[in-house]
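Structural description and commentary
Spelled out, the chains give:
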Amino acid sequence: MSKVVKFGGSSLASAEQFEKVGSIIRAEAERRFVVPSAPGKRFGNDTKVTDMLYGCYALAEADKDFAKELKAIKARYEEIIKGLKLKLSLDDEFVTIEKNFKEKAGKDYAASRGEYLNGIIMANYLGFEFIDSATVIFFNEDGTFNAEKTHQVLSKRLEGLENAVVPGFYGAYDNGKVKTFSRGGSDITGSIVAKAIHADVYENWTDVSGCLVTDPRIVKNPQKIEIITYRELRELAYMGASVLHEDAIFPVRQEGIPINIRNTNDPGNSGTWIVGSTGQKSKYVITGIAGKKGFCSINIEKDMMNSEVGFGRKVLQAFEESNISFEHLPSGIDTMTVFVHQDEFMDKEQKVVSTIQRLAKPDTIDIESDLALIAVVGRGMKSTRGTAARIFSALAHAHINIKMIDQGSSEMNIIIGVANDDFENAIKAIYDIFVETCL
Ligand code: ADP
Ligand code: ASP
Ligand code: MG
């Protein structure tokens, strides 16, 4: 039996946290492969080392002095090394990092040092072998993850090893240049390592006791989800449940390896299991609620739209030409609405509108900004009547105006559009009706 254990930033923010991690790993011999993140926040308004690195490199890139900022980063690691009483010096590493910053090795290289250095400390602390992820995780020239080459090289490299530390978040192009995943990407590394060793379980250790029904920053102490499918989790993660990176399920899903989300500060809690399928019903009709702010809707109307062949394609072509992807596409008779990310759309708004006019010749185009999307997700929704009605009534009671409602064809999710300002209250109202009233 073997497990891959990934620890997030807050689990590794200080020597004290490292000690908790050490006892978790030592508690089970199966916890053989460790994927650490960079040190996160030690307290509320602390700065994550990854953010310190981005800030420091921005100065280097602008040919400004960055000595003070680099020293502060080094101090974060030295505090951990000293607290753990390790005989380890990172002096040489920091000489190399300084030189590479001056030579403008890139923003990704800079950010990746957070995990790289924490990996060196972790390996030294545990007495495990350290493997630089730049030698085993690969990206294609277009920046996408190269799953095939990675699997080949990584599984060979790990074969026969009793244990190892593989830092999260980064890999490299074929030419050796470092590249990172998007933010929160150490979760993906953990999943890739789990696939490479055909792990029995991928444990993802964080600062909450699992995937909760909704964001604990919005609802106080939400209930924990005991078991959730990959598909449900993917939907929730994509829509804003930041407890796991939305792409982290793909590598393990191919192998059917379950993910167990656990709390470093409460290791006795069994956490959440993420699995391929389960006969276990979720406790409530819904499994979870997640959402994101910052969308725009472009509402297009044209008489007889539905009978015009190619209308939808022409509208979407206008977005494609401006390199904008769409989030949602609810439609009615003679109307079609496109939801996009506001920050991607704003600069290109007039170009997109004029392209839609030229290509599709609609009667009207209305744009509404500052919208939020909320996903209500659950495998149990398919077999339960009245879920949408309950959402409607909860939101009506909370005096929230619904801008859009869209049921996915899987019948596993309902997406609701509301004003940004109503976002938190809408989530609370939906949580109340499905969870609080059932307790
Ligand atoms: P790590 O540094 O361990 O990777 P993250 O900060 O990336 O941790 O993810 C954990 C955080 O995700 C929690 O502290 C919580 O604030 C947030 N979060 C958002 N939605 C959820 C949810 N549905 N369940 C649990 N945590 C959530
Ligand atoms: N350290 C990186 C970040 O802050 C990656 C991660 O934590 O997963 O985004
Ligand atoms: Mg994370």
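Look up: the structure comes first, before these words.
Residues numbered from 1 in each chain as written. Chains lettered and ligands numbered in written order. Predicted model: local features only at pLDDT ≥ 70, side-chain atom pairs only at ≥ 80, totals over all residues. Heavy atoms only, no water.

**Quick look at the pattern of salt bridges**
Going by this rule: The salt bridge criterion pairs a side-chain nitrogen of Lys or Arg with a carboxyl oxygen of Asp or Glu, the two atoms within 4 Å. When accessible area is computed with a 1.4 Å probe and restricted to protein chains, residues below 20% of their type maximum are described as buried, those above 50% as exposed, and intermediate ones as partly exposed. A helix here means a DSSP run of H or I that spans at least four residues, while a strand means a run of E at least two residues long, and both kinds are numbered starting from the N terminus.
Summed over all chains, the structure comprises 28 salt bridges. In this structure, the salt-bridge partner of Lys99 is Glu103, at a minimum N-O distance of 4.0 Å. Residue Lys99 is classed as partly exposed on the basis of its relative accessible area, which comes to 47%. By relative accessible area, which is 53% here, Glu103 ends up exposed. Salt-bridge contacts for Arg234 lead to Asp247; the nearest nitrogen and oxygen are separated by 3.2 Å. Of this pair, Arg234 sits in helix H8 (residues 230-238) while Asp247 is found in the loop between H8 and helix H9 (249-255), placing the two residues 13 residues apart along the sequence.

**Looking at the sheet that holds strand S6 (residues 170-173)**
Put simply, the test is: Paired strands, as defined in this entry, are two strands with at least two bridges between them according to DSSP. Here a residue-residue contact requires only that any non-hydrogen atoms of the pair lie within 4.5 Å. In this description, a line fitted to the C-alpha atoms serves as the axis of each element, helices being fitted only across the stretch in contact, and the angle between N-to-C directions of two axes falls anywhere from 0 to 180 degrees.
Read across the sheet, 3 strands follow the order S4-S6-S7 without closing on themselves; strand pairing throughout is mixed. Here the strands that pair on one side only, and so sit at the sheet edges, are strand S4 (138-139) and strand S7 (178-180). Packing against the sheet, helix H5 (residues 107-126) makes contact with S6 and S7, and its axis sits at approximately 75° to S7.

**A word on a negative patch on the surface**
Put simply, the rule is: Residues enter patches when their relative accessible area tops 30% and they take part in no salt bridge; the joining distance is 9 Å for like charges and 5 Å for the nonpolar side chains Val, Leu, Ile, Met, Phe, Trp and Tyr. Surface exposure here means Shrake-Rupley accessible area, sampled with a 1.4 Å probe, where a residue is shielded only by the protein chains that are shown. The charged-residue count follows a simple rule in which Lys and Arg add positive charge and Asp and Glu add negative charge, with His and chain termini not counted at all. Lys charges are placed at NZ, Arg charges at CZ, Asp charges at CG and Glu charges at CD.
A grouping of Glu301, Asp303, Asp363 and Asp366 is seen on the molecular surface, where their side chains present a negatively charged patch. Here Asp363 lies in the loop between helix H12 (349-360) and strand S15 (364-377).

**Focus: the site of ligand 2**
Operational definition: The nearness test applies per residue and asks whether one of its heavy atoms lies within 4 Å of the molecule or strand. Side-chain atoms alone can form a polar contact between residues adjacent in sequence; in general such a contact is a pair of N or O atoms within 3.5 Å, and within protein one must be able to donate a hydrogen while the other accepts it. Cavities and pockets were defined on a 1 Å grid built from protein atoms only: a cavity is a group of points that admits a 1.4 Å probe but offers it no way out, a pocket is an open group of points flanked by protein on both sides within 12 Å along at least five of seven lines, and a lining residue is one with an atom within 4 Å of any such point. Assignment of a molecule to a cavity or pocket requires that more than half of its atoms lie within 2 Å of the corresponding grid points. We call Asp, Glu, Lys and Arg charged. Ala, Val, Leu, Ile, Met, Phe, Trp, Tyr, Cys and Pro are nonpolar, and the rest, Gly among them, are polar.
By nearness alone, every residue bordering ligand 2 is listed as Ser37, Lys48, Thr50, Glu115, Phe169, Arg183, Gly184, Gly185 and Ser186. In the environment of ligand 2, a nitrogen atom lies 2.8 Å from a nitrogen or oxygen atom belonging to the side chain of Glu115. Here an oxygen atom of ligand 2 and a backbone polar atom of Gly185 are 3.4 Å apart. Spatially, ligand 2 is embedded in the largest pocket. For the shell around ligand 2, the per-class residue count stands at 1 nonpolar, 5 polar and 3 charged.

**Looking at the site of ligand 1**
Taken together, the neighbourhood of ligand 1 is formed by 17 residues, with Lys6, Gly9, Thr206, Asp207 and Leu212 sitting nearest. Within the backbone of Leu212, one N or O atom sits 2.9 Å away from a nitrogen atom of ligand 1. In the environment of ligand 1, an oxygen atom lies 3.4 Å from a nitrogen or oxygen atom belonging to the side chain of Arg217. The protein chains hide 84% of the 570 Å² of surface that ligand 1 would expose on its own. Among the detected pockets, ligand 1 sits in the largest pocket.

**A few points about the pairing of strand S12 (residues 288-301)**
Side-chain direction in a regular strand flips from residue to residue, so the side chains alternate between the two faces of the sheet. Direction of pairing for S12 relative to S15: antiparallel, over a ladder of 11 bridges. Counted as the bridge partner of Lys292 is Leu373 from S15. Both S12 and strand S14 (residues 335-341) contribute to a ladder of 7 bridges, which runs antiparallel. Its bridge partner being in S14, Ser297 is matched across the sheet by Phe339.

**Digging into the layout of surface pockets**
To keep it simple, the criterion reads: Grid points are joined across faces, edges and corners, and a volume is the space filled by probe spheres set on the points.
A volume near 1100 Å³ is recorded for the largest pocket. Lining the largest pocket we find 45 residues, and of these Lys48, Thr206, Asp207, Ser242 and Val243 sit closest to its centre. Going through the elements one at a time, helix H7 (186-196), strand S8 (201-206), H8, S12 and helix H14 (423-434) are the ones with two or more residues in the lining of the largest pocket. Counted by class, the lining of the largest pocket contains 18 nonpolar, 17 polar and 10 charged residues.

**Some words on the sheet that holds S14**
What the 6 strands build is an open sheet, ordered S13-S14-S12-S15-S17-S16; its pairing is antiparallel. Edge positions in the sheet fall to strand S13 (331-332) and strand S16 (404-407), since each of these pairs with one other strand and no more. Relative to S14, helix H10 (residues 311-321) is tilted by about 20°, and along the sheet it contacts S12 and S14. Its contacts with the sheet place H14 against S12, S15 and strand S17 (413-419), and it is angled at close to 125° to S12.

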